[in-house]
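What follows is the residue order along each chain.
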Protein chains: 2
Amino acid sequence: MSRASDRAYGAIRNMILSGELPAGAQLGEEALAEMCGVSRTPVREALRRLEADMLVGRTDTQRTFVADWSIDDVADAFELRAMLESRAARRAAERMTDAAMARIRGANRSLATAIQQSVPDVAGFLDGNREFHAIILEVAGSRRLAALLGTLIEQPVVLRTARQYSREELRRSHAEHEELTAAFARRDGAWAEAIMTSHILRAYHAYADAHRARLDAGMTQEAAE
Amino acid sequence: MSRASDRAYGAIRNMILSGELPAGAQLGEEALAEMCGVSRTPVREALRRLEADMLVGRTDTQRTFVADWSIDDVADAFELRAMLESRAARRAAERMTDAAMARIRGANRSLATAIQQSVPDVAGFLDGNREFHAIILEVAGSRRLAALLGTLIEQPVVLRTARQYSREELRRSHAEHEELTAAFARRDGAWAEAIMTSHILRAYHAYADAHRARLDAGMTQEAAE
DNA sequence: GACATGGATATTGTATACAAATGCCATCGG
DNA sequence: CCGATGGCATTTGTATACAATATCCATGTC
């Protein structure tokens, strides 16, 4: 990852995911190049990749801007992710190995540790979660499926709301991971597929609830100003 | 489409889809630039896009080559396409408009005309087929779904075998389009979804049969040499 | 005063030069 | 004869200069 275009990609991506670059912001190549300490050439490559990820969009005249995700876009992405990731779970269950089981259990353990702290370690939770899903995708053994899911996993709005997850939500997510693990241990593809569908759609509704709550809060705040 | 990078993308893509650039061939940026009459910069952009399409791959040291599709890769792509495109069909049925119905019927008419020639007009068939599926995707109204399917629709091996479709296969494909049209006319999402799944998977098996036949023929030919 | 027009300014697209790395091949040593 | 090593050729990565295009603002006209 020492190539300049990779650094630019990572840097811009982080700025978008963190919200430092807000939705709708214009992305001038020159300005980004200076921010990343590289020339425009690698920045242009990075922007193309981010465009494929649908994290940035383009006007009809090739001006680049941070993509603005409507609530419908998010719902759409979650539904597609539920479909694809549950398929990955089924394939993974059918091809599961003992070595992969051990890694999955390890990921779940660190995830459990993260949520049992007196103050839940959300970053640790997200890391364990990411690893869990990555192992499933790896065992599923479809490069194409992995490529399709790649653009769906990290969504800017979602990451920011994940930090507001209640302990109860974290606990439920962990419980679902344990149930998925049981399905994998039994090599039961249909079971794994069903739990994964439910897991993703529950996460979507947790997001949607948080989104509504934030909208209400925002409106209250605006009214107060 | 007058930008140099678009021309390069189209030109290289056609060379891959037509088989002019065979699977596994090294793709030197300089050589491609000369072929397309542009400089390396737009060629590099085109290669990145083709990489996202999974039409080209990269070695661990960044050398680019034409992707080699195993029979398993093709099966994988067809299964994913069946899943995604049947979802598109369901959404399209639920959102269908009279105007879109008219366009779908028009695409089917030109498709019917193409296969009724004394010598079937396969290019015309493929055009009508493409338009039919494009309208469905448009009516489905999910930009993200369209983006995911974009990388799955045109596969090099498939296009080349489509030209060997028998009249019977073309006729069956057209019959399935008519049945899909009926499902759309009834706004019946479940029906449309089921037919589309079947439509894609039948097309896969037609491909797989042709592939096996070609393998046999190839082996015979080799033995004869 | 509103709108069109023109030019200055900013931004993107392409070409090219150069730097870095990779691969190939010949030569040398065992 | 086989393998390792060094250097040359090729290829990719990055920066920069220049060209084409879009945006914006000011000016002039109705």
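Just so you know, these numbers come straight off a predicted model, no measurement behind them.

1. Examining the overall build of chain A
So, step 1. Broken down by element type, chain A carries 10 helices and 2 strands.
So, step 2. Helices and strands appear in chain A in the N-to-C order α-α-α-β-β-α-α-α-α-α-α-α.
So, step 3. Against the compact-globule benchmark of 17 Å for 225 residues, chain A has a radius of gyration of 19 Å, which places it among compact chains.
So, step 4. Here chain A holds 225 residues, and 49% of them are scored as buried.
So, step 5. In chain A, the share of contacts with a sequence separation of at least 24, taken over all contacts with a separation of at least 6, comes to 74%.
So, step 6. Summing over all exposed atoms, chain A offers an accessible surface of approximately 11000 Å²; the carbon and sulfur share of this is 52%.

2. Some thoughts on the protein's contact with DNA strand D
So, step 1. Taken together, 16 residues sit near DNA strand D, with Ala4(A), Ser39(A), Thr41(A), Arg40(B) and Arg44(B) positioned nearest.
So, step 2. In DNA strand D, atoms within 4 Å of the protein come from the sugar-phosphate backbone in 67% of cases.
So, step 3. At 2.8 Å from a base nitrogen of DNA strand D is found a side-chain nitrogen or oxygen belonging to Thr41(A).
So, step 4. Here a phosphate oxygen of DNA strand D sits 3.0 Å away from a polar atom, N or O, in the side chain of Thr61(A).
So, step 5. Elements supplying a minimum of two residues to the surface near DNA strand D: helix 1 (4–18) and helix 3 (40–52) of chain A together with helix 3 (40–52) of chain B.
So, step 6. Taken together, the residues of the surface near DNA strand D sort by class into 4 nonpolar, 6 polar and 6 charged.

3. Notes on the pattern of salt bridges
So, step 1. Tallying each qualifying case throughout the model produces 42 salt bridges over all chains.
So, step 2. A salt bridge links Glu79(A) to Arg87(B); the shortest N-O distance between them is 2.9 Å. One end of the pair, Glu79(A), is in helix 4 (residues 71–95); the other, Arg87(B), is in helix 4 (residues 71–95), on a second chain.
So, step 3. Under the relative-accessibility criterion, Arg87(B) is labelled buried at 4%.
So, step 4. Across the salt bridge formed by Glu193(B) and Arg90(B), the nearest N and O atoms sit 2.9 Å from each other. With Glu193(B) in helix 10 (residues 189–224) and Arg90(B) in helix 4, this residue pair connects regions lying 103 residues apart in the sequence.
So, step 5. The class for Arg90(B) is partly exposed, based on a relative accessible area of 26%.

4. Description of the interface of chain B and chain A
So, step 1. With 25 residues of chain B in contact, the opposing surface of chain A contributes 25 residues.
So, step 2. Between chain B and chain A, a total of about 2400 Å² is buried, with carbon and sulfur atoms accounting for 52% of that surface.
So, step 3. The interface formed by chain B and chain A contains 12 salt bridges.
So, step 4. With a closest N to O distance of 3.4 Å, Arg91(A) and Asp76(B) form a salt bridge.
So, step 5. At the boundary of chain B with chain A, the tally comes to 14 residue pairs in polar contact (both at pLDDT 80 or more).

5. With respect to the protein's contact with DNA strand C
So, step 1. The environment of DNA strand C is formed by 16 residues, the closest being Arg40(A), Arg44(A), Ala4(B), Ser39(B) and Thr41(B).
So, step 2. Protein-adjacent atoms of DNA strand C, using a 4 Å cutoff, are sugar or phosphate at a proportion of 65%.
So, step 3. Between DNA strand C and Gln62(A) there is a distance of 3.0 Å, counted from a phosphate oxygen to a side-chain nitrogen or oxygen.
So, step 4. In this structure, Arg63(A) approaches DNA strand C through a side-chain N or O atom, which is 3.2 Å from a sugar or linking oxygen.

6. Observations regarding the nonpolar core
So, step 1. Judged by nonpolar contacts, the single largest core of 83 residues is most densely connected at Leu84(A), Phe184(A), Leu84(B) and Phe184(B).
So, step 2. Contact partners of Leu84(B), with chain neighbours within four places excluded, come to Leu80(A), Met83(A), Leu84(A), Leu148(A), Leu145(B), Leu148(B), Leu149(B) and Leu152(B).

7. Considerations on the relation of the copies chain B and chain A
So, step 1. Superposing chain B onto chain A takes a rotation of 180° combined with a translation of 0.0 Å along the rotation axis, leaving an RMSD of 0.0 Å. What we have between these two chains is a two-fold relation. Considering only C-alpha atoms, the part of chain B nearest the rotation axis is Leu148(B), at 3.2 Å.

8. Quick notes on the packing of aromatic side chains
Residues and elements named next belong to chain A.
So, step 1. Counting across every chain of the model gives 4 aromatic pairs over all chains.
So, step 2. Between Phe-78 and Tyr-204 the ring centres are 5.3 Å apart and the planes differ by 50°, which places this aromatic pair in the tilted class. Taken together, the residues span a long stretch of sequence, with Phe-78 in helix 4 and Tyr-204 in helix 10 (residues 189–224) at a distance of 126 residues. Of the two residues, Phe-78 and Tyr-204, both sit in the buried class.
So, step 3. Put simply, the rings of Phe-78, Tyr-204 and Tyr-207 pair up and form one aromatic cluster.
So, step 4. Across the ring face of Tyr-9, the terminal group of Arg-49 is positioned such that the distance to the ring centre comes to 3.9 Å.

9. A closer look at helix 1 of chain A
Residues and elements named next belong to chain A.
So, step 1. Over its 15 residues, helix 1 extends 21 Å from the first C-alpha to the last, a length consistent with the 21 Å expected when each residue adds 1.5 Å.
So, step 2. Those residues of helix 1 that fall on the buried side of the exposure criterion are Ser-5, Asp-6, Ala-8, Tyr-9, Gly-10, Ile-12, Arg-13, Met-15, Ile-16 and Leu-17.
So, step 3. Where helix 1 is buried, its residues contact helix 2 (29–36), helix 3, strand 1 (56–58), strand 2 (64–66) and helix 8 (156–162).
So, step 4. Looking one or two residues beyond helix 1, the residue adopting positive phi is Gly-19, at roughly 90°.

10. Digging into the domain arrangement of chain A
Quite often, the size of an interface is put as the accessible area lost when its parts meet.
Residue and element names in this part refer to chain A.
So, step 1. Here the domain parsing of chain A yields domain 1 (4–66) and domain 2 (71–224).
So, step 2. If you average the C-alpha positions of domain 1 and of domain 2, the two centres end up 27 Å apart.
So, step 3. Across the contact, 8 residues belong to domain 1 and 6 residues belong to domain 2.
So, step 4. The contact between domain 1 and domain 2 buries some 500 Å² in all, and 57% of this surface belongs to carbon and sulfur atoms.
So, step 5. Ranking the residues of domain 1 by area buried against domain 2 places Arg-13, Leu-17 and Asp-53 at the top, with a combined share of 65%.
So, step 6. Here domain 1 and domain 2 share 0 residue pairs in polar contact (both at pLDDT 80 or more) between them.
So, step 7. Looking at which element gives the most residues to the side of domain 1 that touches domain 2, the answer is helix 1, with 4 residues.
So, step 8. Of the residues assigned to the side of domain 1 that touches domain 2, the class counts are 4 nonpolar, 2 polar and 2 charged.

What counts and how
Residues numbered from 1 in each chain as written. Chains lettered and ligands numbered in written order. Predicted model: local features only at pLDDT ≥ 70, side-chain atom pairs only at ≥ 80, totals over all residues. Heavy atoms only, no water. Helix = DSSP H or I, 4+ residues; strand = E, 2+ residues; numbered from the N terminus. Rg over C-alpha atoms; globule rule 2.2 N^0.38 Å. Buried < 20%, exposed > 50% of the residue type's maximum accessible area, 1.4 Å probe, protein only. Contact = heavy atoms within 4.5 Å. Areas by Shrake-Rupley, 256 points an atom, 1.4 Å probe, with all protein chains shown as cover. Near = heavy atom within 4 Å. Polar contact = N/O pair within 3.5 Å; in protein donor to acceptor, adjacent residues only side chain to side chain. Nonpolar A, V, L, I, M, F, W, Y, C, P; charged D, E, K, R; others polar. Salt bridge = Lys/Arg side-chain N within 4 Å of Asp/Glu carboxyl O. Buried area = accessible area lost by both parts, 1.4 Å probe. Core = buried A, V, L, I, M, F, W, Y, C linked by side-chain atoms within 4.5 Å. Least-squares fit on C-alpha atoms with pLDDT ≥ 70 in both. Phe/Tyr/Trp six-rings, centres within 6.5 Å; stacked < 30°, edge-to-face > 60°. Lys NZ or Arg CZ within 6 Å of the ring centre and 35° of its normal. Expected span 1.5 Å × (residues − 1). Domains from an automatic or database assignment.

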